[in-house]
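Now for the letters of each chain:
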Amino acid sequence: MWPEVIEAMNYARKGPINMGELNNAAGKRIASLIGCEAAMVSGGACSSMTLGTAACITGKNRDFILRIPELSGMKDEVIIQKSHRYPYDHAVRACGVRLIEVETVKDLERAVNKKTAMMHFSYFHDRKGLIKLKEFAALGKKHHIPTLIDGSLSIPPWERLSEFLNFGFDLAAFSGGKALKGPYSAGLLLGRKDLIEAALLNNAPHMNTIGRGMKVSKEEILGMMVGVEVSLKYDYSLGIKRQRKLMKLITDKLESIPIPGVKTEIVFPLNEPEWPKIRVYWDKSVIRLSSAEATKQLREGEPGVELMGGGFDRRTDSEFIISVTSKRYPLYMTVTVKYH
Ligand SMILES: *Cc1c(COP(=O)(O)O)cnc(C)c1O
């Protein structure tokens, strides 16, 4: 977290406050900083997605809010591109909706009906889907279906915080604990005022809501707000420059070790210049070591070295990926999760 975030959290610790008022005030300030209609602090991007979906289903209908995830008589379908299915869509499904998978524009237009509550898009999967970001938002507008984009891995650049909404998305979800360097368990939901208000009604501190278990402390709410303030002022290209320098240091060192068959390259796994990684690979007929064994040895070494975890497009069984972060600007979390 930015030092300023810790300071803000320490300040928030000192007094009692009306949580509803704090939520509204922090949301207003964040919206004005980012330049969007409305904003709220959530318990992370996943929580933003759950609350955004809930808002699209219930609006401000108190009865509907109480009944989630039991949706009989309510809109209970969310349209998603097949290629955009990912582990995080559980956050959408948690509301009780069925995900309707589509591939083409034709599929999508056929899928739209009275039961459609929302259309979900993942920025991370834009490369894979047939329907691209702007077209997807436009289709939502055309059919009067609210659209939500998971923008978690799109920042920096900070302009993206408002860009998707300007393209026509109604809601955008972001993680607070990644590049924004806010509290790890906070996030943002940005977008249309009526939907943000409905999302707030589906959230803690309101009782008997899907968001009751996603409460965010006053310290985190203020910390998240300050995280946005500080990030927007930060020239992230400095962080990237420093990261590149560290990467060059590592690749130079590795290549200077006289082991035949070991090579390094810089890879851009997301086709994004912001997220380079180092790929180290070797000739298995020379070095009889698997990726898993190399990873294990490095982890158990002294000092332990934790490599970029699962979910990566490994091409061989004789390589590993190094994710480089700098202390001053950790572009990526050092926590890794394996799914299977
Ligand atoms: C990290 C991430 C999330 C979840 O964010 P949290 O803030 O941890 O809830 C969702 N989508 C994508 C693409 C992510 O990378």
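Bear in mind that the values here come from a model prediction, so they are computed numbers and not experimental data.

Criteria and thresholds
Residues numbered from 1 in each chain as written. Predicted model: local features only at pLDDT ≥ 70, side-chain atom pairs only at ≥ 80, totals over all residues. Heavy atoms only, no water. Near = heavy atom within 4 Å. Polar contact = N/O pair within 3.5 Å; in protein donor to acceptor, adjacent residues only side chain to side chain. Areas by Shrake-Rupley, 256 points an atom, 1.4 Å probe, with all protein chains shown as cover. Nonpolar A, V, L, I, M, F, W, Y, C, P; charged D, E, K, R; others polar. Axes fitted to C-alpha atoms, helices over the stretch in contact; angles between N-to-C directions. Helix = DSSP H or I, 4+ residues; strand = E, 2+ residues; numbered from the N terminus. Parallel < 35°, antiparallel > 145°, perpendicular 65-115°, else oblique. Left-handed = near helix turned anticlockwise from the far one by under 90°. Contact = heavy atoms within 4.5 Å. Pairing = 2+ DSSP bridges. Buried < 20%, exposed > 50% of the residue type's maximum accessible area, 1.4 Å probe, protein only. Right-handed = clockwise from strand over helix to strand, strands pointing away.

Q: If you had to explain the site of the ligand to someone new, which residues and values would you point to?
A: Around the ligand, the surrounding shell consists of Gly44, Ala45, Cys46, Tyr88, Asp150, Ser152, Leu153, Ser175 and Lys178. At 2.9 Å from an oxygen atom of the ligand is found a main-chain nitrogen or oxygen belonging to Ala45. Within the side chain of Lys178, one N or O atom sits 2.6 Å away from an oxygen atom of the ligand. A total of 380 Å² of accessible area belongs to the ligand in isolation, and the protein chains cover 84% of it. The residue inventory of the shell around the ligand, partitioned by class, reads 4 nonpolar, 3 polar and 2 charged.

Q: For the packing of helix α1 (residues 3-13) against helix α10 (residues 218-233), give the residues involved together with the corresponding values.
A: Running from N to C, α1 and α10 cross one another at 150°; their axes reach a closest spacing of 8 Å. Here α1 lies roughly antiparallel to α10, going by the angle between them. Two packed elements cross with a definite hand, and for α1 against α10 that hand is right-handed. Here Glu4, Val5, Ala8, Met9, Tyr11, Ala12 and Arg13 of α1 lie close against α10, whose contacting residues are Lys218, Glu219, Glu220, Leu222, Gly223, Val226, Gly227 and Val230. In terms of residue class, the contact of α1 with α10 is made up of 8 nonpolar, 2 polar and 5 charged.

Q: Could you give an account of the sheet that holds strand β10 (residues 319-322), naming the residues involved and the relevant values?
A: Here we have 3 strands laid out as an open sheet, ordered β8-β9-β10, and antiparallel in their pairing. Each having just a single partner strand, β8 (262-267) and β10 make up the two edges of the open sheet. Neighbouring strand axes in the sheet, compared pairwise and without regard to direction, differ in orientation by 20° on average. Contacting β8, β9 (277-282) and β10, helix α11 (residues 236-256) crosses the sheet at an angle of about 165° to β8. Against the sheet, helix α12 (residues 291-300) engages β9 and β10, with an angle of about 45° to β10.

Q: Tell me about the pairing of strand β5 (residues 147-150), residues and numbers included.
A: Side chains of β5 alternate between two faces, with Thr147 and Ile149 and Leu148 and Asp150 buried alike. In this structure, strand β4 (residues 116-122) lies alongside β5, joined through 4 bridges in parallel fashion. Residue pairing across strands places Phe121 opposite Ile149, the latter belonging to β5. Read from β4 through helix α7 (residues 133-143) to β5, the crossover connection turns out right-handed. Judged from the 3 bridges that link them, β5 and strand β6 (residues 171-175) form a sheet pairing that is parallel. Its bridge partner being in β6, Ile149 is matched across the sheet by Ala172.

Q: Quick rundown of the sheet that holds β4? Include the residues and the values.
A: Across the sheet, which stays open at both edges, the 7 strands sit in the order β1-β7-β6-β5-β4-β2-β3 with mixed pairing between neighbours. Strands at the two margins of the open sheet, each flanked by one partner only, are β1 (38-42) and β3 (98-102). Along the sheet, successive strands turn relative to each other by an average axial angle of 25°, direction set aside. For β1 and strand β7 (residues 187-191), the ladder comprises 5 bridges, and the chain directions are antiparallel.

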